[in-house]
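Architecture at a glance
Residues per chain, in single letters:
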Amino acid sequence: MPEIVIHEVGHALGLGAHFKGFGDSDGPIGTAFWPVLATLYANPIGTPKASVVVKQVNN
């Protein structure tokens, strides 16, 4: 059950839609969840898509 709570908190933090690694066949939180969340918060609001820096996370 903790995975479902983390998944729902992910929605509250800005991950609006499901994607591969978040709410698909990988389960509530998959391998892409933490890197996508870190990338979302590592880039300033309004960063153009071409300038987004992808943030890697060590588990």
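So, a few notes on the structure that sits alongside this text. (Residues numbered from 1 in each chain as written. Predicted model: local features only at pLDDT ≥ 70, side-chain atom pairs only at ≥ 80, totals over all residues. Heavy atoms only, no water.)

1. Focus: the pattern of salt bridges
Note on pairing: side chains with opposite charge can pair once their charged atoms come close. Scanning the model with the defined rule gives one salt bridge in all. The salt bridge involving Asp26 is made with Lys20; its shortest N-O contact spans 3.8 Å. Asp26 sits in the partly exposed class, given a relative accessible area of 36%. (Salt bridge = Lys/Arg side-chain N within 4 Å of Asp/Glu carboxyl O. Buried < 20%, exposed > 50% of the residue type's maximum accessible area, 1.4 Å probe, protein only.)

2. Here we look at the environment of Ile4
The topology assignment puts Ile4 in helix 1 (residues 2–12). When the C-alpha positions of Ile4 and Thr31 are compared, they lie 15 Å apart, and in sequence the two are 27 residues distant. (Helix = DSSP H or I, 4+ residues; strand = E, 2+ residues; numbered from the N terminus.)

3. Overview of the side chain of Asn43
Within the secondary structure, Asn43 sits in the segment after helix 2 (33–42). From its side chain, Asn43 meets the backbone nitrogen of Val53 in a polar contact 2.9 Å long. Setting aside its immediate chain neighbours within four residues, Asn43 contacts Ser51, Val52 and Val53. (Polar contact = N/O pair within 3.5 Å; in protein donor to acceptor, adjacent residues only side chain to side chain. Contact = heavy atoms within 4.5 Å.)

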